[in-house]
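Letter by letter, the chains look like this.
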Amino acid sequence: MSPETGASARISVAIEAPRHAALGASTGLLDYTSERPLAPGTLVRVPLGRREVAGIVWDRPRLPDPAPGATIEEPALKPVKAVLDAMPLLSAPWRALIDFAAAYYQRGLGELALAVLPPQLRRIDDTQLSRRLRRLEKRDPFEGAVQVAGASPGDDPAPVSLTPDQAAALAAFAESTTPALLHGVTGSGKTEVYLRATSQALQAGRQVLVLVPEINLTPQLEARFAERFPGRVMASLHSALTPAQRLRHWLLAHEGRADLVLGTRLAVFASLPRLGLIVVDEEHDASFKQQEGARYSARDLAVWRARQLGVPVMLGSATPSLETWQRVLQGRYRRLALPQRIGGGELPRVRLIDMRTLPSQGQPAAGGDAMPLAPPLLVALRERLQRGEQSLLLLNRRGYAPVLHCSACGWKSGCPHCSAWRVFHKADRTLRCHHCGLAERVPRACPECGNLDISPLGRGTEKLEEQLAAVLPGARIARIDADSTRGVGELERQLAAVHDGEVDVLVGTQILAKGHDFRRVTLVAAVNPDGALFTSDFRAPERLFALLMQAAGRAGRDAAQSAGSEMWIQTTSPKHALYAALARHDYEAFAQAQLDERRAAGLPPFAHLALVRAEAREAAAATAFLREAAADLQALEVAAGVRAYPPVPPALSRVADVERVQMLVESASRPALQRALAAWLPGLVALRGRHKGVIRWAVDVDPLSI
Ligand code: ADP
Ligand code: ZN
Ligand code: ZN
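Reading the values: rules and limits
Residues numbered from 1 in each chain as written. Chains lettered and ligands numbered in written order. Predicted model: local features only at pLDDT ≥ 70, side-chain atom pairs only at ≥ 80, totals over all residues. Heavy atoms only, no water. Salt bridge = Lys/Arg side-chain N within 4 Å of Asp/Glu carboxyl O. Helix = DSSP H or I, 4+ residues; strand = E, 2+ residues; numbered from the N terminus. Buried < 20%, exposed > 50% of the residue type's maximum accessible area, 1.4 Å probe, protein only. Core = buried A, V, L, I, M, F, W, Y, C linked by side-chain atoms within 4.5 Å. Contact = heavy atoms within 4.5 Å. Phe/Tyr/Trp six-rings, centres within 6.5 Å; stacked < 30°, edge-to-face > 60°. Expected span 1.5 Å × (residues − 1). Arc of directions from axis to C-beta. Pairing = 2+ DSSP bridges.

> How should the pattern of salt bridges be read in this particular structure?
Oppositely charged side chains can form a pair if their charged atoms are brought close together. Applying the stated rule across the entire model yields 44 salt bridges. Between D483 and R398 there is a salt bridge; the shortest N-O distance is 2.9 Å. Taken as a pair, D483 in the loop between β20 (477-480) and α12 (490-499) and R398 in the loop between β14 (390-394) and β15 (403-406) lie far apart in primary sequence, 85 residues in all. Note on D483: relative accessible area 16%, which makes it buried. The salt bridge partner of D702 is R670, with a shortest N-O separation of 3.4 Å. Here D702 is found in the segment after β28 (694-701), whereas its partner R670 is found in helix α17 (residues 670-690), with 32 residues between them in sequence. According to the relative accessible area criterion, D702 is buried, its value standing at 18%.

Next comes the structure, spelled out in structure tokens:
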């Protein structure tokens, strides 16, 4: 198309450029011309400088009318290069979602819009796209396991009959579209409720979006949906897909062919023309919050999206986030309760072991180090072993030992580039920094004084595994953590071995606590969970409680074995209120105590936060930038009621030789905070230009970890 021929339409295009870049600064949109009018939601390719980039035709922002008689200088607009109109438009509700998310999380509109599309869609041309769309009609074995309507007649297979609690929850859910919290202990049959609600939406001809924290850890959920709805097309959207699979699944959803979309946080942005229900499983899980780029909360956006469309949303959890719980207490969300385990199974008995009063730390095990497990716990493990039951030991620290240490001079294996220790990994005899990735062979002698006697301090999963092997001879021990599951399919293989009964004792990090339906585990033990009680992050207790409840939920899932199931906690603070609530499986008491503390301290959900992070080679440069930014904020009229705290280094202040400093911005009112951020942040682009030492800065709205 050439601009010289006849009149051309002026269009606004969302392109991949950060909000606060000079370009299209206020809207993130750039204007182009097109020979023919193009509807908002059309995918195009446009010139940008010397490059050609993908863009989406966007709604024209309403600009103020020019003063009468004024002349506006129009820059020469460039024509659109190509139009990809083989595919249906990205709908107005989808664009509204992007508009909202970009504004709320303070990102460029185009940057976000393009980032949430499958990467291949940003590169292919219209011919390739047409070919892709034709291929959707065929089943393609290389591009993902999508169920296609087959021989099975309509009469989704006869499911189990609901328990009275499940039936009541489902009936109440159908009554309105107010967001619903499905609050049920582990094993209480939440998934069955998701399946029934899904079935109803599918029968009404609607699409269903199911968001899960980590799809790699929940193949079971995918399998249960596929099994229940064999005649339906299911798409999945998560990071483990190849680019071709991702495009195919995204297009299936966008064209309305997929009835069900299961995915991780990014799937909240899937284009779904017939969307009729959103389910968020484990709504409290931190992985719903994106931690880089546009730091969005997929759970919060799911609620926004459902409200915008007037469709129901179901948030499921045994330990709801305090934000969600507070909304239930305020009556803004409904609570649907499943208080019992299916089949009358009991929740495990919680046993708190006071590690201060143990006579001795047991017999020295391998490495001459004290055994980390209390003698009564060892007895309980041996009993499980004899009965052929499985046990699960949770230790949230991978590697062999968190630090190597020289007893002669006091040297410790610090990372030269980060404010962190390098972890000793015995299996490959390396010292590895878990933050910058620096890995080196373990030195033979102390690098400071030459002493040959350097030894591990503390304990990670590798060492626990080794020590267990020494005290439980003959036991089949498996370690599951980020190190043991690096290879493709490795996690699945290891989990299958557990399910097949080839493992007696499982040792691992929190990977093990999530969602797995281990049928033979009757004992779960948290080896050393106290750390989270004493950190500066105000959400640490909430996360610990959720983790331990979830871990407890791995024990006694088979109702027949649940009576003897146990959750052991090794602690030096057995009287701590968190553990007391855990022992009673009393989420509500825990939540109430936490909310009281948060209210008194003016913390979320009673206040709203944004965190501005700055990085520089010298901490002083980042601090100076943030101080000046804070002064700018306080000078803004719209910032009344918004407060900036002094800049501070985070717990991990240096990573890969870059110093981090962060500043909390707080307001009791969410709209006030939003208005202030919108007025304030664009100015930080110029401010950063004057602070040459600052490498980058970013804002995190509703930060999860501070
Ligand atoms: P949750 O998601 O709350 O942890 P699940 O949905 O996984 O619980 O249910 C736990 C177990 O109970 C599963 O094996 C499931 O198949 C079974 N189950 C769920 N609902 C029923 C029911 N109404 N009748 C019989 N079994 C059920
Ligand atoms: Zn030394
Ligand atoms: Zn490092």
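Anyway, onward from the coordinates.
> Could you clarify how one ought to interpret the nonpolar core in this entry?
Looking at soluble globular proteins, one finds that nonpolar side chains tend to be buried together. Core analysis: the largest hydrophobic core is formed by 128 residues, its most contacted members being F269 and W680. Sequence-distant contacts of F269, that is, excluding residues within four places in its chain, are made with W94, L97, I98, A101, L112, V116, Y296, L301 and R305. Membership of the second largest hydrophobic core comes to 27 residues, among which are L195, V208, M234 and M314.

> Even after reading the chapter, I still don't get the packing of aromatic side chains, so can you show me in this structure?
Scanning the entire structure with this criterion turns up eleven aromatic pairs. Taking the centre distance of 6.3 Å and the plane angle of 45° together, the rings of F225 and F229 count as tilted. Here F225 and F229 have matching classes, each one buried. Taking the centre distance of 4.0 Å and the plane angle of 10° together, the rings of F545 and F590 count as stacked. With F545 in helix α13 (residues 540-552) and F590 in helix α15 (residues 587-601), this residue pair connects regions lying 45 residues apart in the sequence. Exposure remark for F590: the relative accessible area of 6% places this residue in the buried category. Here the aromatic cluster, defined as three or more aromatic residues joined through ring pairs, consists of F100, Y104, Y105 and W304.

> How should helix α10 (residues 375-387) be read in this particular structure?
Turn by turn, an α-helix covers 3.6 residues, leaving residues three or four places apart pointing in a common direction. Helix length check: α10, at 13 residues, gives a terminal C-alpha distance of 19 Å against a target of 18 Å (1.5 Å per residue), a fit within 8%. When we look at burial in α10, the residues that qualify are L377, L378, A380, L381 and R384. Buried positions in α10, seen along its axis, are confined to an arc of 160° and lie on one side of it. Elements that come into contact with the buried residues of α10 comprise β13 (349-354), β14, α11 (461-471), β22 (521-526) and β23 (566-571). Trailing α10 by a residue or two, G388 shows a phi angle of about 75°, which is positive.

> Honestly, the pairing of β28 in this entry has me stumped. Any pointers?
Every regular strand shows the same layout, with side chains that alternate between the two sheet faces. Along β28, six of the eight residues are buried, which leaves the element largely enclosed by surrounding structure. As judged from the seven bridges shared by strand β24 (residues 608-616) and β28, these two strands associate in the antiparallel manner. From the neighbouring strand, R613 faces β28, where its bridge partner is A698.

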